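Chain and residue survey
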There are 2 protein chains.
Amino acid sequence: MSRTVVISVDAMGGDKGPAPVVGGMAKSAAKNPDLRFLLHGDPAALKPLLQKRAGLAAVTEIRESTSVIAMDQKPSHALRHGRGSSMWNAIEAVANDEADVAVSCGNTGALMAMSMLRLKRAPGIDRPAIAVMWPSRNPSGYNIVLDVGADLRADETSLVQFAIMGAEYARLGLKLDMPRVGLLNVGTEETKGRRGHRSALERLNQMDRQPDRRFHHVGYVEGGDITGDRVDVIVTDGYTGNIALKTAEGTASLIGEFLAEAFRATPLSRIAALFAMTSLHRLRKRIDPRRVNGGVFLGLGGAVVKSHGSADATGVSAALKLAFRMGREGFAKKLAERVASGGTRVKDAGGFMPDIRKEA
Amino acid sequence: MSRTVVISVDAMGGDKGPAPVVGGMAKSAAKNPDLRFLLHGDPAALKPLLQKRAGLAAVTEIRESTSVIAMDQKPSHALRHGRGSSMWNAIEAVANDEADVAVSCGNTGALMAMSMLRLKRAPGIDRPAIAVMWPSRNPSGYNIVLDVGADLRADETSLVQFAIMGAEYARLGLKLDMPRVGLLNVGTEETKGRRGHRSALERLNQMDRQPDRRFHHVGYVEGGDITGDRVDVIVTDGYTGNIALKTAEGTASLIGEFLAEAFRATPLSRIAALFAMTSLHRLRKRIDPRRVNGGVFLGLGGAVVKSHGSADATGVSAALKLAFRMGREGFAKKLAERVASGGTRVKDAGGFMPDIRKEA
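What counts and how
- Residues numbered from 1 in each chain as written.
- Chains lettered and ligands numbered in written order.
- Predicted model: local features only at pLDDT ≥ 70, side-chain atom pairs only at ≥ 80, totals over all residues.
- Heavy atoms only, no water.
- Salt bridge = Lys/Arg side-chain N within 4 Å of Asp/Glu carboxyl O.
- Helix = DSSP H or I, 4+ residues; strand = E, 2+ residues; numbered from the N terminus.
- Buried < 20%, exposed > 50% of the residue type's maximum accessible area, 1.4 Å probe, protein only.
- Pairing = 2+ DSSP bridges.
- Least-squares fit on C-alpha atoms with pLDDT ≥ 70 in both.
- Contact = heavy atoms within 4.5 Å.
- Axes fitted to C-alpha atoms, helices over the stretch in contact; angles between N-to-C directions.

Scanning all chains against the criterion turns up 32 salt bridges over all chains. As a salt-bridge pair, R63 of chain A and E98 of chain A come within 2.7 Å of each other at their nearest N and O atoms. With R63 of chain A in strand β3 (residues 60-64) and E98 of chain A in the loop between α4 (86-95) and β4 (101-104), this pair connects stretches of sequence that are 35 residues apart. Looking at E98 of chain A, the relative accessible area reads 37%, which means it is partly exposed. We note a salt bridge from R338 of chain B to E168 of chain B, for which the minimum N-O separation is 3.7 Å. In this pair, R338 of chain B is assigned in helix α11 (residues 331-340) and E168 of chain B in helix α6 (residues 156-173), connecting sequence segments 170 residues apart. Take R338 of chain B: its relative accessible area is 2%, and that puts it in the buried class. The class for E168 of chain B is buried, based on a relative accessible area of 1%.

This paragraph deals with the pairing of strand β5 (residues 129-135) of chain A. All names here are of chain A. Across the seven residues that make up β5, a large majority, six, are buried. Sheet topology places β5 next to strand β10 (residues 295-298); three bridges connect them, and they run antiparallel. Bridging across to β10, A131 finds its partner in V296. By the bridge criterion, five bridges tie β5 to strand β6 (residues 142-146) in an arrangement that is antiparallel. Looking across to β6, one finds that W134 is bridged to N143. Taking the residues between adjacent antiparallel strands as the criterion, β5 and β6 are bridged by six residues, where G141 takes a positive phi near 90 degrees.

Rotating chain A by 180 degrees and moving it 0.0 Å along the rotation axis overlays it on chain B with an RMSD of 0.0 Å. This pairing of chains is accounted for by a two-fold axis. Of the residues that chain A buries at the interface, 100% are likewise interface residues in chain B, meaning the two copies contact each other through the same surface.

Once that is clear, we can look at the sheet that holds strand β11 (residues 303-306) of chain A. Residue and element names in this part refer to chain A. Sheet architecture is open: 11 strands sit in the order β3-β2-β1-β4-β11-β10-β5-β6-β9-β7-β8, paired in mixed fashion. Each edge of the open sheet carries a strand with a single partner, namely β3 and β8 (216-221). Across the sheet, the mean angle separating the axes of adjacent strands is 25 degrees when strand polarity is ignored. Two elements, β10 and β11, share three bridges in a ladder whose sense is antiparallel. Of the residues in β11, the one forming a bridge with V296 is V305. Sheet strands in contact with helix α10 (residues 313-329) are β1 (5-10), β2 (35-41), β4, β10 and β11, and its direction is about 135 degrees off that of β1.

Here we take up the environment of L174 of chain A. All names here are of chain A. Topologically, L174 is positioned in the loop between α6 (156-173) and β7 (180-184). When its relative accessible area of 9% is taken as the criterion, L174 is described as buried. Dropping the residues within four chain positions of it, L174 is found in contact with M133, S140, Y142, N143, I144, Y169 and D232.

The next subject is the sheet that holds strand β11 (residues 303-306) of chain B. Residue and element names in this part refer to chain B. The sheet built from 11 strands is open, its strands ordered β3-β2-β1-β4-β11-β10-β5-β6-β9-β7-β8 with mixed pairing. Looking along the sheet, the strands with just one partner apiece sit at the ends: β3 (60-64) and β8 (216-221). Taking each pair of neighbouring strands and ignoring which way they run, the sheet shows an average axis angle of 25 degrees. Note that strand β1 (residues 5-10) and strand β2 (residues 35-41) share six bridges and pair parallel. Within the sheet, the bridge partner assigned to V9 lies in β2 and is L39. With respect to the sheet, helix α4 (residues 86-95) is in contact with β1, β2, β3, β4 (101-104) and β11, its orientation differing from that of β1 by roughly 160 degrees.

Structure below.
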């Protein structure tokens, strides 16, 4: 059943340079014999890193690239001057069918702009979206939120497409048979909401009544449901999703600081911190962004995973795992077929993601 | 210097009925001899509660009201059928100049709808806003965010007015001389953002160059700045603000649950919890919503404070303290003058909030 998946990796774009990228590749390669890499960047920097990792050089081909897209570069500037950069070449390899999926820790805006240019939108998709996994009360531990920044003002059609794409991503990423999808709003009453939201709601309600539906639409959800267990997929425009994501990250980081300060406050509390260390470590693990690393670009003519800019080897490895699954399933192509069919069963697609549940 | 402030209190609208409301009044009255109350609700329920609290009956006048606005009642329904309710009468007393400020733990939408109808918008204000205090890294411990739900799609003029109103609220509520104000967006570059945002930004930049400015405008801020120390006041439309607020609350509550679970996980961690109890209590205090209880309605012809629906006596007392300050300073009226003058010094307003810093 297994087939080789080639991941095209931008080695240079992240905050921490190529070391954690190669470290993450080594972790993933050790666990997964079906992985191959195209590694884009400066060979002089990459070769020594590769050689330190047993077996990694054998499954990796280094591709020289002449420049790096900076984290703070404007997407428009990156598009004009970024040809030949490690990011550009990573995407280019997917566009040329040399690789199944591209992974980068670099500048999100530039990555999306280049992906749009080289991979194009998939047929039938109005606007691509960036989807992230979000810690939640659900059994899987995560919800999916989209869009978090690609389409700042999503219209009715985009919101419906985001719902379909988010549900398929939940089937792949959270291994759910019938993901519950909700449309983010300021209240749960059907009469509330902006005009585009109300018509998207009606179309999703209609889809929910189809016998061959592939997700369940619960209606409007609120900000509190993003971390809750009422839905698995939260659909919103990129403006709202981006602000919600950064607000949540800010809140989590503030509480983390307050917690640390609380345990530093007195000599006794510093002793308490020693006793509490295991418990605090358990908490940190549950809200660790590295474990959910990887926003995915949905709706393009090829698969692209955006890893966190400051990801370490563990984070990069998590993003590579996700990329592997997407590559193996031909996710990008099948997703477009789903959207074209309006989120119901596609006759010719056969068993879409048939063996995802067999994977550990 | 002291003058009596009359607070008109809706005793019945909260989730927990009148007991925590009267409890909060007792706490506040014990600390502040300048407080008087009009208490709206069912005298049969209120009289016994009042009599249990030494001295409270002497500063409180009970006003009978015949009905209660339910938490889940639609604002439009509450407007049509809510005349004579405890909430209606609490607002009515401010409209009739019998009280300086109204406080309710009830249904936010109904409270805003009734306040709009009876108190009207203040002259020159396009749309009122709901402002809340938000835990942050700033020395005061809090930032102010507005709007969180009154004006779902604020236009350019509303955003500018929100900035002025939020800055004045920061002067009162956070005791800042020159609050820093930022406009919420998906990036900090001036070229980013929706059209209404860009023109609001330009107008705020202009105001920032005035020699008699009363706040400093820092430009765009992001979701992470809501809990940060880069600004004191975050300005956004009610749709985005509401979703950000509920997302942050959800995140805080999820982390709280994870933390509790981490300390319950093993026998050793339960022992660690005993040692850590003081530290955890210290954390809880810093993110306790009761201590920042009270969204305020800005831009109306009278002052209204919305307390949390499930507030206990401590929470109600915090809302009453805020209401007292607003009443003493004639905040609602002076705020409208500020907006009319474009956020700069008002000649005839004299010492706006002259003695706020003398208050403990």
